[in-house]
Amino acid sequence: LGTTLSYEYIYEAITPITTSFQGWVVWDEWGPPALLPDTLYHWRFVFTPSGGSTIYGADQTFRTLPDGRVTVGTGDPAGCTASAFTTALATAKEILFDCGALPVTITLSSSHSITSNLTIDGGNKVTLARQNDGAGNHFNVQPGVHLTLKRITLSNGTNTADCGGAIKVLATGQLTLNETRFDSNTSYAQGGAVCNLGTTDISATLFTTN
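Residues numbered from 1 in each chain as written. Predicted model: local features only at pLDDT ≥ 70, side-chain atom pairs only at ≥ 80, totals over all residues. Heavy atoms only, no water.

S.K.: Honestly, the sheet that holds strand β17 (residues 194-196) in this entry has me stumped. Any pointers?
M.R.: Pairing within the open sheet is parallel, and its 4 strands lie in the order β8-β11-β14-β17. For this open sheet the edge positions go to β8 (112-114) and β17, each flanked by a neighbour on one side alone. In this sheet, adjacent strand axes meet at a mean angle of 10° when their direction is disregarded. Here 3 bridges tie strand β11 (residues 139-141) to strand β14 (residues 167-169), and the two strands are oriented parallel to one another. Paired with F139 across the two strands is I167, which belongs to β14. (Pairing = 2+ DSSP bridges. Helix = DSSP H or I, 4+ residues; strand = E, 2+ residues; numbered from the N terminus. Axes fitted to C-alpha atoms, helices over the stretch in contact; angles between N-to-C directions.)

Laid out in structure tokens, this is it:
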């Protein structure tokens, strides 16, 4: 494996194949060096028969994900849970979703504090819904932090303690909304959907029943 056709990384472990059977499953776990983010890698199988010449498999490629990009789900709704989303928030710079072909709703049981720059892209298929129990909003964007929401719906936030039924942007915080929907969010103070004490940029966004 390597970043060029010279295949500069060679994993030295040898997996012997006996002649006792007609079929084999051959696998190994990749060791060091660590793979770089957002990098195209070339790889191929190498097979050396006993007493024969080495056979080289065809060149194949894959690209690693960019640093900080996390995908919630593995192609079906079952993997798109509130816990998976919360786990992604802990490390991601960008969150994407792979929840299948149909729209999904992920029900959040708590508010999330955004403490580092983050983009969340719902792909026009994801709704983040609060439990509508009056417990709070979806996101609180902390000072100096930039949250970007794309192609996603936020619904049922109920903030009884502060402004911003779905999102509160604190002083010097930044919020960018692009193709975002806010539906049925409530604040007992200002901003049924968004409370902006910092900077908020809105484009192609729909607010209904907030």
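So, next bit.
S.K.: What should I look at first to understand the pairing of strand β12 (residues 146-155) in this one?
M.R.: Looking along a regular strand, one sees side chains alternate from face to face of the sheet. For β12, a buried count of 7 out of 10 residues is recorded, marking the element as mostly surrounded by other parts of the structure. Sheet analysis places strand β9 (residues 118-130) next to β12, joined by 8 bridges and oriented parallel. Of the residues in β12, the one forming a bridge with T119 is T148. With 9 bridges joining them, β12 and strand β15 (residues 174-183) adopt parallel strand pairing. Looking at β15, one finds that T148 is bridged to T176. (Buried < 20%, exposed > 50% of the residue type's maximum accessible area, 1.4 Å probe, protein only.)

S.K.: Can you help me understand the packing of aromatic side chains in this one?
M.R.: Between two aromatic rings, the relevant description is the distance of the centres plus the angle of the planes. With the rule as written, the count across this model stands at 5 aromatic pairs. Arranged with centres 5.2 Å apart and planes meeting at 90°, the rings of W43 and F45 form a pair that is edge-to-face. Judged by its relative accessible area of 24%, W43 is partly exposed. An aromatic cluster of at least three residues, connected via ring pairs, comprises F85, F97 and F139. (Phe/Tyr/Trp six-rings, centres within 6.5 Å; stacked < 30°, edge-to-face > 60°.)

S.K.: I would appreciate a short explanation of the pattern of salt bridges in the present structure.
M.R.: Any two side chains of opposite charge can pair if their charged atoms end up close together. Within the structure shown, the criterion is met by 5 salt bridges. Across the pair R63 and D38 runs a salt bridge whose closest N-O atoms are separated by 3.6 Å. Here D38 lies in the segment before β1 (40-43) and R63 lies in strand β4 (residues 60-63), a separation of 25 residues in the sequence. When the shortest N-O distance is used, the salt bridge between D121 and R151 registers 2.9 Å. Residue D121 is located in strand β9, and its partner R151 is located in strand β12; the two are separated by 30 residues in the primary sequence. We classify D121 as buried; its relative accessible area is 10%. Looking at R151, the relative accessible area reads 32%, which means it is partly exposed. (Salt bridge = Lys/Arg side-chain N within 4 Å of Asp/Glu carboxyl O.)

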